[in-house]
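# Structure assessment
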Amino acid sequence: MNIDLKNRIALVTGASRGIGYFTALALAKAGAHVIATARTVGGLEELDDAIKAVGGTATLVPFDLTDMAAIDRLGASIFERWGKLDILVANAGILGVISPLGHIEAKVFEKVMTTNVTATWRLIRSVEPLLVKSDAGRAILLSSGVASNPRAFWGAYAMSKAAVENMGRIWAEETAHTPLKVNLVNPGATRTAMRAQAVPGEDPETLPHPSEVAEKILFLASPDMKESGRLFVVRENRFVDFKSPE
């Protein structure tokens, strides 16, 4: 599918590597100006080089998502420079540790929740006024299969993604009267550093490359995409409905 994002402004968090990196690159290739955020300056600079190589443009914003005041400043800066935001890809997140619940250190649990949940809420709070100024605002929040199918030892990460899923669904309902569309993405097991941390014995060559996930996210960012409040499962290449307990 040929998706034209010319003159659209996209914000991608966690853009220095993995799914975030390739999503930012795909958005830029489709014509969007990408605001790329991450903690790793070197990774952002590599992304900028790759974006320039495909004829795209980017603004690099190195900062840590746990800096809540910086998230607020980011929204203000986007407003001052562009007056709106067309696309948000809330990709940044951390695994924490694979461990029994009772063995997780408090500081590790709190960091996972702060990075994956609180920072996502703070980001929504900061950029929602900008997204609703767009004629076709699109918000994509990264989730995980463990959000709805809990797995032993994945506690902190699974709980954080379950919270993100609920956050996205609530946000979609609250903005249903606007052009903004909010969706969740379950990328499935992907060839990323986080996956290697979670399952170190796995052969990464057996997993899809993050660029494959990025192409699906690109579709969700399109002004022609009309779904909202749903979960897109990359491995199945389709939207699925959220279900209440039976």
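Everything in this summary refers to the structure shown in the same document. Treat the numbers as computed from the prediction; the structure is a model and nothing was measured.

## What to know about helix H5 (residues 155–174)
- Spanning 20 residues, H5 covers 29 Å between terminal C-alpha atoms, matching the ideal 28 Å at 1.5 Å per step.
- Among all positions in H5, only Gly 155, Ala 156, Tyr 157, Ala 158, Ser 160, Lys 161, Val 164, Glu 165, Met 167, Gly 168, Trp 171 and Ala 172 are buried.
- Looking at the buried residues of H5, the elements they touch are strand E4 (87–90), helix H4 (106–131), strand E5 (138–142), strand E6 (181–186), helix H6 (193–198) and strand E7 (231–233).

## Looking at the pattern of salt bridges
- Within the structure shown, the criterion is met by 11 salt bridges.
- One salt bridge in this structure joins Arg 191 and Glu 205, with 3.9 Å as the shortest N-O distance. Residue Arg 191 is found in the loop between E6 and H6, and its partner Glu 205 is found in the loop between H6 and helix H7 (210–220); the two are separated by 14 residues along the sequence.
- With relative accessibility at 28%, the residue Arg 191 sits in the partly exposed group.

## Quick word on the pairing of E5
- Of all five residues in E5, five are buried; the element is thus mostly enclosed.
- Residue alternation in E5 divides its side chains into two sets, Arg 138, Ile 140 and Leu 142 and Ala 139 and Leu 141, and both sets are buried.
- Where E4 and E5 come together, four bridges link them in parallel fashion. Among the inter-strand pairings, Ile 87 is bridged to a residue of E5, identified as Arg 138.
- Read as a crossover between parallel neighbours, the route from E4 over H4 to E5 is right-handed.
- The pairing of E5 with E6 spans five bridges and is classified as parallel.

## Description of the packing of aromatic side chains
- Here the structure, examined in full by the defined rule, presents four aromatic pairs.
- Ring plane angle 55 degrees and centroid distance 6.2 Å describe the contact between Trp 154 and Tyr 157, whose orientation is recorded as tilted. Each member of the pair, Trp 154 together with Tyr 157, is buried.
- Taking the centre distance of 6.2 Å and the plane angle of 50 degrees together, the rings of Phe 219 and Phe 232 count as tilted. Of this pair, Phe 219 sits in helix H7 while Phe 232 sits in strand E7, and the two are 13 residues apart along the sequence.
- Phe 232 gets classed as buried once you look at its relative accessible area, which sits at 3%.

## Topic: unusual backbone geometry
- Of note, Phe 153 is a non-glycine position whose phi angle comes to about 80 degrees, a positive value.
- Considering the arrangement of structural elements, one finds Phe 153 in the loop between E5 and H5.
- Here Phe 153 falls in the partly exposed class, since its relative accessible area comes to 48%.

## Description of the side chain of Ser 222
- Take Ser 222: it is sitting in the loop between H7 and E7.
- In this structure Ser 222 touches Ile 3, Leu 5 and Arg 138, once residues within four positions along its chain are discounted.

## Here's the deal with the packing of helix H3 (residues 68–82) against H4
- Viewed as axis vectors pointing N to C, H3 and H4 meet at an angle of 25 degrees, and their least axial separation amounts to 9 Å. Between H3 and H4, the crossing angle belongs to the class labelled roughly parallel. Considering only the axes of H3 and H4, their crossing is right-handed. Across the interface between the two elements, Met 68, Ala 69, Ile 71, Asp 72, Gly 75, Ile 78 and Phe 79 from H3 touch Thr 114, Thr 118, Ala 119, Arg 122, Leu 123, Arg 125, Ser 126, Val 127 and Leu 130 from H4.
- Partitioned by chemical class, the residues of the contact of H3 with H4 number nine nonpolar, four polar and three charged.

## Some words on the side chain of Thr 59
- With respect to the element layout, Thr 59 can be found in strand E3 (residues 57–62).
- Among the polar contacts made by the side chain of Thr 59, one reaches the side chain of His 33 at a distance of 2.7 Å.

## Some remarks on helix H1 (residues 18–29)
- In this model H1 runs 17 Å from its N-terminal to its C-terminal C-alpha over 12 residues, within 8% of the 16 Å that 1.5 Å per residue would give.
- For H1, the buried fraction is high: 10 of the 12 residues fall into the buried class.
- If you check which residues of H1 are buried, you get Gly 18, Ile 19, Gly 20, Tyr 21, Thr 23, Ala 24, Leu 25, Ala 26, Leu 27 and Ala 28.
- Lining the buried residues of H1 we find strand E1 (9–12), strand E2 (33–38), helix H2 (41–53), E4 and H7.
- In the segment just after H1, Gly 31 is the residue with positive phi, at about 110 degrees.

Rules behind the numbers
Just so you know, the residues in each chain are numbered from 1, in the order the chain's sequence is written. Local features in this predicted model are restricted to residues whose pLDDT is 70 or higher, and side-chain atom pairs enter the listing and the counts only when it is 80 or higher, whereas totals over whole chains, interfaces and linings include all residues. No hydrogens and no water enter the side-chain calculation; it runs on all heavy atoms of the structure. Helix and strand assignments follow DSSP, with helices taken as H or I runs no shorter than four residues and strands as E runs no shorter than two, numbered in order from the N terminus. Each residue after the first adds 1.5 Å to the expected span of a helix. Relative accessibility thresholds used throughout: buried, under 20% of the residue-type maximum; exposed, over 50%; partly exposed, between the two (1.4 Å probe, protein chains only). Any pair of residues with heavy atoms lying within 4.5 Å of one another is described as a contacting pair. Salt bridge, as applied in this entry: a Lys or Arg side-chain nitrogen positioned within 4 Å of an Asp or Glu carboxyl oxygen. For two strands to count as paired, DSSP must find a minimum of two bridges between them. Viewed with both strands pointing away, a crossover whose connecting path from the first strand over the helix to the second turns clockwise is right-handed. Stacked, edge-to-face and tilted are the three classes for Phe, Tyr and Trp ring pairs, Trp counted by its six-membered ring, which pair at centre distances within 6.5 Å; planes under 30 degrees apart are stacked, over 60 edge-to-face, the rest tilted. Throughout, an axis means a line fitted to C-alpha atoms (over the contacting stretch in the case of helices), and angles, computed between N-to-C directions, take values from 0 to 180 degrees. For this classification, under 35 degrees means roughly parallel, over 145 means roughly antiparallel, 65 to 115 means roughly perpendicular, and everything else is oblique. It is the rotation of the near helix from the far one that decides the hand of a crossing: anticlockwise by less than a right angle makes it left-handed, clockwise makes it right-handed. The nonpolar class holds Ala, Val, Leu, Ile, Met, Phe, Trp, Tyr, Cys and Pro. Asp, Glu, Lys and Arg form the charged class, and all remaining residues, Gly among them, are polar. Pairing of N or O atoms within 3.5 Å defines a polar contact, subject to two protein rules: one partner must be a possible hydrogen donor and the other a possible acceptor, and residues neighboring in sequence count only if both atoms are side-chain atoms.

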